[in-house]
There are 4 protein chains.
Amino acid sequence: MAAKPVKEQLYEVIFGTETPAGRRFDLYLIVAIILSILIAMLDSVEAISSTYHYQFFMLEWFFTLLFTLEYGARLYCSPKPGSYARSFFGIVDLLAILPSYLALIFSGSSFLVIIRLLRVLRIFRILKLMRYLRDANVLWRSMLSSRRKIFVFFCSVLVLATIFGSLMYVVEGVESGFTSIPQSIYWAIVTITTVGYGDITPHTVVGQMLASLVMVTGYSIIAVPTGIITAELADELRRERSNKYCANCNRSGHDSDAGHCKYCGAELNP
Amino acid sequence: MAAKPVKEQLYEVIFGTETPAGRRFDLYLIVAIILSILIAMLDSVEAISSTYHYQFFMLEWFFTLLFTLEYGARLYCSPKPGSYARSFFGIVDLLAILPSYLALIFSGSSFLVIIRLLRVLRIFRILKLMRYLRDANVLWRSMLSSRRKIFVFFCSVLVLATIFGSLMYVVEGVESGFTSIPQSIYWAIVTITTVGYGDITPHTVVGQMLASLVMVTGYSIIAVPTGIITAELADELRRERSNKYCANCNRSGHDSDAGHCKYCGAELNP
Amino acid sequence: MAAKPVKEQLYEVIFGTETPAGRRFDLYLIVAIILSILIAMLDSVEAISSTYHYQFFMLEWFFTLLFTLEYGARLYCSPKPGSYARSFFGIVDLLAILPSYLALIFSGSSFLVIIRLLRVLRIFRILKLMRYLRDANVLWRSMLSSRRKIFVFFCSVLVLATIFGSLMYVVEGVESGFTSIPQSIYWAIVTITTVGYGDITPHTVVGQMLASLVMVTGYSIIAVPTGIITAELADELRRERSNKYCANCNRSGHDSDAGHCKYCGAELNP
Amino acid sequence: MAAKPVKEQLYEVIFGTETPAGRRFDLYLIVAIILSILIAMLDSVEAISSTYHYQFFMLEWFFTLLFTLEYGARLYCSPKPGSYARSFFGIVDLLAILPSYLALIFSGSSFLVIIRLLRVLRIFRILKLMRYLRDANVLWRSMLSSRRKIFVFFCSVLVLATIFGSLMYVVEGVESGFTSIPQSIYWAIVTITTVGYGDITPHTVVGQMLASLVMVTGYSIIAVPTGIITAELADELRRERSNKYCANCNRSGHDSDAGHCKYCGAELNP
C-alpha cells in the first residue's frame, strides 16, 4: 500500500502540471534541457572546445545520466509504460539520451564523424520544450484547418521551381553556375522564396529577364499562404472570442450568434 | 458493336476518375511522369550521366514510347479527338513527347545545343500533374477575381523598377556594376522583390540612400498583393461556408466541421 | 467661328477618352512613349549603341519633336493653358521633352556626364502611362486612408535601423565593412527589409547574434504594413461591392446596411 | 508666490503639448535631437570627420550642454522629480547626455574604444522622438494584444532554426562555412527570415535539399505573424469605427469619413 501512493505522487510531479511541485519539476527540466543544448553548441565551437573539452565531457555525461534517470522514472510511474514509450515524446526522450551511449560503443577513431552526428542529435532535446507551448493551440488549429490549401500551394511552388529551373539551365548554362537541373531548381527555390543568396546568378540578358519573372512571381505568390493563414486565423479568433461552451458535449469554438451546439445540437446557454 | 464498348471503357479508364480502374490509371500515370522527370534531371548532372548514360537513354525512350501510346489512346477513345488535341492538356501531352523525336531528326553535331534544349523541354511533362490538383479551385478562383488589381499592381512595380533603375544608372555608373539601364532595372527588380542577390550593389552614399528608398518601398508594397489575395480569399471562404444549408430552418453560414445547425440544432446533411 | 470647333475637336481627341478618336490617340501615344523609352534603354547598352548610334540619335529626335508637337497641341487646345502647364502631367510632359533640347546647348565635352543624366530623365515619360491605370483607384484609396499609419510605421523602421546600425558599428567595427554609422544604417535597412545583399555581413559572434535579432524583427514587422493594407482593402472591397449610390450627392462607398448617405444624410434607394 | 507660477509655466511649456508655446518647444527639441544625431553620424565617417573634427567637437558639446539644461529644467519643474527620473523617458534623457561627460573622465588613449562606444550611445537620443508618434497607438495596441501569439511564434522559429542549423552542421561541415553549431543557427535564421546574405551557402546536394526545405518553411511561416497582426488590426479598426455614435438614433459603426448617420441621416458630431 506504500508503493502505490509513491508511484502516483511521482506521476503527478513528472507528468502533471496542476500541483506546485509538478510545475517546479517542469521548470527545472526546461532549464536542464536548455543548458545541455548550450553545452552541445559550445562544444562544436573549436576555439572553446579545445580549452574546455574535459569540462564539456563531464557536463555532457551529467546531463545524460540525469535524463536517463528522468526517462526511467517516467517509464516507472506511467500507468501504461508501453504507450508512453511509443508516444511522440517518449521517442524524443529516448532519442535525447541514446546518442551519448552509442558514442561509447562506436568509439574507434574511424567512427569520429558518426559520433559527431550522434552527439548533435542530442539537440533534439529541444523538441521536449514544445510540450510547454500551450498557447500554440490557436495557431496550430488554424494551420491544421488550412493544411490542404497549403499543400496545394507547395505543390504549385515546386512545379514552378522545376519549370523555371529547367528553363534557366537551358538559357544560362554551366558557365553561370547552373551546372545541372537539380542545381537550377535549387536556384529557383532560392529566388522564388526571395532568399536570394547570390551564389548562383544569371549573367545573360535573357536569363536576367527570366529571373525577373521568377522574382515577381515569388513576390506575388508569397501572398497566397498569408491570405490562407490570415483568413483562417481571423475565423479562429472570432470563435475564440465568443467563448461559448456546450454544457452537453463540453466543446467550444461556436460562433457568437449560435443558439445550438454545432457538434451535438444541444441548446447553448448565454 | 464490340468496338464501341471498348472505346467507352477505355475512355472511362483514361479520362474518368470515378471508377477504381480510372483512379488506378491516373496514379500509375503520375508515377510514370515523376520518374521520367527524375531521369531527365539526373541526366543533366554530369557526374551521374557519364556513368549511367546508356541506362538513361533506354529509360528515356521507354517513357517516350509509353507517353506516345497514352497520347494515341487518348486521341482514339476521345469522342471529339480534335477538341482534345487543341485543349491545353492535349498540347501539353504532345509537347511532352515531341522533343525526344525531334532530337532524333536534328542529331548533327552542330545541333547539340538545340537537342539539349529539346530534351529539357520534356520537363514540361510536370504540367500534366496540375490536372490532379483538384483542391486548387478555391485558390485559383480568388486569384482570378483579383486578376485586374494584381495586373495594376504589376504595372506599378514595373514602372517603379524602371524609374529607380534609371536613376541608379545615373547615380552609380558603370564601376559599381550598373553597366546599362536594362541591367539597372534588373537590379531594381532584385531589390524591390527583396530577393537581394548582391551581384550588383551600390557603392556611393547617394546610391545607398536611393537603394534604401527602393528597399523600403518594396518592403511596403509587398503588402498590396497580400492584401488583395487575403480580402478575396476571406470572401471565398465566407461563400463556401454560406453554401451549407440547414434543411430544417433553411439558414446557412455553418462552419465546415459543423454536424448540427447552430440555430435550430437539427442535424446537417453532408 | 471655324477656329473654335477645331480647338474643341482637338481637345476631345487629345484630352478626352469618350470618343473612338480620343481612345485611338491615347493608344498611339502609349505606344510612342514605350518605344521612346525602349530606345533610351537600348542606347545605354554599350554593345548595341556603338553600332546603332546614328539610328538611335535620329529616333530620339523624331520622338522629341513628336512629343513637342503634342505638348504644343495640349497647350493650344486646353481651355485653361496655364492650369494645364502647372498641373502634374503638364510638368511631366514638359520634363519629358526638355532634356533632349538641353543636351543640345550644353554639348561641350566636359558636360558629357550631365548630358547622360538629362537623356536618362526622358525615362520619366513612363509616368505619363500612369494616367491610363484607371483600375488603380481602389488600391490608391485604401493606401490613402492608411497613409498616417504607414507613415508611423516608416518612422519606427527608420528609428530601429538607426539604433541597430549604430550598435553594429560599435560591435563589428571597420574590419567587417561597417566603416561608418551611415554605412551601418544602410546595412540595417538591407537586413530589416529582408533584402540581404551580403556586401556587408557580421563576422563576430556578438555581431551575428545582433544581426539575427535585426532579421527576426524585420521578419515580424513586415506583418504591420500588410495588416494595415489588408484591413483597409477589405473595407474598401466590401463598400465597393454594396455599390450604393446617393441620388442626392452622387457619391458611392456606402455600407450594405446603410439607409442614409453618410455624406449628405439623404435617404438611399435600394 | 512668484516662484510657483514660473515653475508651472515652465512645466506647461516643457511637458505640455496643449499651449502654442509647448508645441513650439517640442518642435525645437525634435530639430535639436535630429541635428545632434546627424552630427554623431557624420563624425563616424572618416573622410568628413578628419576635416571638420573641431567643428563637430564644438557642436557636440553645444548640444550636450543644451540637453543637460533641458534635463535640469525637467527635474526642476516636474511636480515629482523622482518619478520622472525613474520613468522610461527620464532614463533615456539621462543616457543621452551621460556619454559625453563620461568621455571626458575616461580620456586615456587606451580607452579610445570605450569612448567611441559612449559617443555612439548618444544616438539613443532618437528614442526621445518616439514620444511624438501619437498615431502609433492603434498599431501598438494591436501588437500588444497579440504579443503572446507572437512570442509562441518566435519560440517556434528559434526551435526550427536550432534543429535545421544543427542538421546543416552535420550535413555540410566546416568546408562550406558551417564551422560550428551557433554559426549554423545564424545561417538558419538568415535563411528562414528570407534575408539570404550568401556569406554561408550549402555546397552538397543533401545540403541544398535541406536548405530548400528551410527556405520553403520560412516562406510559409512568414504568413503567421502577418495573419496574427492583420486579424488583430481588423478588430482594432472595427472597434475604432464602433466608437463613433449617432446622437439621434444611438447607433455606432460609422466610417471615419462619415458626416451623417447611415441609419437615420442625422448629422454626426466630431
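Note that the structure is a prediction, hence the values are computed from the model and not measured. (Residues numbered from 1 in each chain as written. Chains lettered and ligands numbered in written order. Predicted model: local features only at pLDDT ≥ 70, side-chain atom pairs only at ≥ 80, totals over all residues. Heavy atoms only, no water.)

Another aspect to go through is the overall build of chain A. When helices and strands are counted, chain A shows eleven helices and zero strands. Starting at the N terminus and ending at the C terminus, chain A contains elements arranged as α-α-α-α-α-α-α-α-α-α-α. Buried residues in chain A amount to 49% of all 270 residues. Partitioning the contacts of chain A with sequence separation of at least 6, the portion at a separation of at least 24 is 53%. (Helix = DSSP H or I, 4+ residues; strand = E, 2+ residues; numbered from the N terminus. Buried < 20%, exposed > 50% of the residue type's maximum accessible area, 1.4 Å probe, protein only. Contact = heavy atoms within 4.5 Å.)

This part is about the packing of aromatic side chains. Tallied over the entire structure, the rule returns 28 aromatic pairs over all chains. Residues Phe-63 of chain A and Phe-67 of chain A carry aromatic rings whose centres are separated by 6.3 Å and whose planes lie at 25° to one another, so their mutual orientation is stacked. Of the two residues, Phe-63 of chain A and Phe-67 of chain A both sit in helix α3 (residues 46–77), four residues apart, roughly one turn of that helix. Here Phe-63 of chain A matches Phe-67 of chain A in class, with each residue buried. Aromatic ring contacts, followed pair by pair, group Phe-62, Phe-63 and Phe-67 of chain A into a single cluster. The cationic tip of Lys-7 of chain B hangs over the ring face of Tyr-76 of chain B; the distance from NZ or CZ to the ring centre is 5.7 Å. (Phe/Tyr/Trp six-rings, centres within 6.5 Å; stacked < 30°, edge-to-face > 60°. Lys NZ or Arg CZ within 6 Å of the ring centre and 35° of its normal.)

Residue and element names in this part refer to chain D. Their axes nearest at 10 Å, the elements helix α4 (residues 53–77) and helix α6 (residues 88–105) cross at an angle of 140°. As summarised for this structure, α4 and α6 are arranged oblique, according to the angle between their axes. Handedness of the crossing formed by α4 with α6: left-handed. Facing Glu-60, Trp-61, Thr-64, Leu-65, Phe-67, Thr-68, Glu-70, Tyr-71 and Arg-74 of α4, the residues of α6 in contact are Gly-90, Asp-93, Leu-94, Ile-97, Ser-100, Tyr-101 and Leu-104. Of the residues in the contact of α4 with α6, the class split is eight nonpolar, four polar and four charged. (Axes fitted to C-alpha atoms, helices over the stretch in contact; angles between N-to-C directions. Parallel < 35°, antiparallel > 145°, perpendicular 65-115°, else oblique. Left-handed = near helix turned anticlockwise from the far one by under 90°. Nonpolar A, V, L, I, M, F, W, Y, C, P; charged D, E, K, R; others polar.)

This paragraph deals with helix α10 (residues 205–221) of chain B. Owing to its 3.6 residues per turn, the α-helix aligns residues three or four sequence positions apart on the same side. All names here are of chain B. Compared with the 24 Å implied by 1.5 Å per residue over 17 residues, the 24 Å span of α10 between its first and last C-alpha is a close match. Of all 17 residues in α10, 13 are buried; the element is thus mostly enclosed. One side-chain oxygen of the residue at the start of α10 lies 3.0 Å from the amide nitrogen of Gly-207, identifying that residue as Thr-204. (Expected span 1.5 Å × (residues − 1). Polar contact = N/O pair within 3.5 Å; in protein donor to acceptor, adjacent residues only side chain to side chain.)

All names here are of chain A. Taken together, Val-31, Ile-34, Leu-35 and Leu-38 make up a surface patch of nonpolar side chains, about 320 Å² in accessible area. Looking at the secondary structure, you find Leu-38 in helix α2 (residues 20–44). On the accessibility criterion, Leu-38 (41% relative accessible area) is partly exposed. (Patch = residues over 30% accessible without salt bridge, like charges linked within 9 Å, V, L, I, M, F, W, Y side chains within 5 Å. Areas by Shrake-Rupley, 256 points an atom, 1.4 Å probe, with all protein chains shown as cover. Salt bridge = Lys/Arg side-chain N within 4 Å of Asp/Glu carboxyl O.)

Bringing the nonpolar core into the picture now. Within soluble globular proteins, side chains that are nonpolar generally end up buried alongside one another. Membership of the largest hydrophobic core comes to 184 residues, with the highest contact counts inside it found for Trp-187 of chain A, Trp-187 of chain B, Trp-187 of chain C together with Trp-187 of chain D. Trp-187 of chain C has contacts with Met-168, Phe-178, Ile-200, Thr-201, Pro-202, Ala-211 and Val-214 of chain C together with Tyr-197 of chain D, leaving out every residue within four places of it along the chain. (Core = buried A, V, L, I, M, F, W, Y, C linked by side-chain atoms within 4.5 Å.)

This part is about the packing of helix α8 (residues 147–172) of chain A against helix α9 (residues 181–192) of chain A. Residues and elements named next belong to chain A. Contact geometry of α8 with α9 gives a least axis separation of 7 Å together with a crossing angle of 120°. As summarised for this structure, α8 and α9 are arranged oblique, according to the angle between their axes. Crossing handedness for the pair α8 and α9: right-handed. The residues of α9 that touch α8, namely those facing Val-157, Leu-160, Ala-161, Thr-162, Gly-165, Ser-166, Met-168 and Tyr-169, are Ile-181, Ser-184, Ile-185, Trp-187, Ala-188, Ile-189 and Ile-192. In the contact of α8 with α9, the residues fall into eleven nonpolar, four polar and no charged.

On to the confidence of the model for chain A, then. All names here are of chain A. On average, chain A scores 77 in pLDDT, and the residues at 70 or more come to 79%. Here helix α6 (residues 112–121) stands out as the element of chain A with the lowest mean pLDDT, 51, in contrast to α9, whose mean of 91 is the highest. Throughout residues 108–115 the model reports pLDDT below 50, and contacts reaching past four residues in sequence, or to other chains, amount to five contacts. (pLDDT = per-residue confidence, 0-100.)

Residue and element names in this part refer to chain D. Tallying each qualifying case throughout the model produces four salt bridges over all chains. For Arg-74, the salt bridge is made with Glu-70, and the minimal N-O distance between the two is 2.6 Å. Of this pair, Arg-74 and Glu-70 both sit in helix α4, four residues apart, roughly one helical turn. Glu-70 gets classed as buried once you look at its relative accessible area, which sits at 7%.

This brings us to the environment of Ile-39 of chain B. Residue and element names in this part refer to chain B. Following the sequence through the fold, Ile-39 ends up in helix α2 (residues 20–44). Sequence separation between Ile-39 and Phe-56 is 17 residues; the distance between their C-alpha atoms is 6.6 Å. Discounting residues that sit within four places of it in the chain, Ile-39 has contacts with Phe-56, Leu-59 and Phe-63.

The next thing to look at is the side chain of Thr-194 of chain B. With respect to the helices, strands and loops of the structure, Thr-194 of chain B is situated in the loop between α9 (181–192) and α10. The contact partners of Thr-194 of chain B, leaving out residues within four places of it in the chain, are Thr-194 of chain A, Thr-193, Thr-194 and Val-195 of chain C together with Thr-194 of chain D.

Relative to the elements of secondary structure, Ala-223 of chain B occurs in helix α11 (residues 223–242). Residues Ala-223 of chain B and Trp-140 of chain B, spaced 83 residues apart in sequence, show a C-alpha to C-alpha distance of 20 Å. Not counting chain neighbours up to four residues away, the residues in contact with Ala-223 of chain B comprise Pro-225, Thr-226 and Ile-229 of chain C.

In this fold, Gln-208 of chain B is placed in helix α10. Once you skip the residues sitting within four places of it in the chain, Gln-208 of chain B turns out to touch Glu-172, Pro-202 and His-203 of chain B together with Gln-183 and Tyr-186 of chain C.

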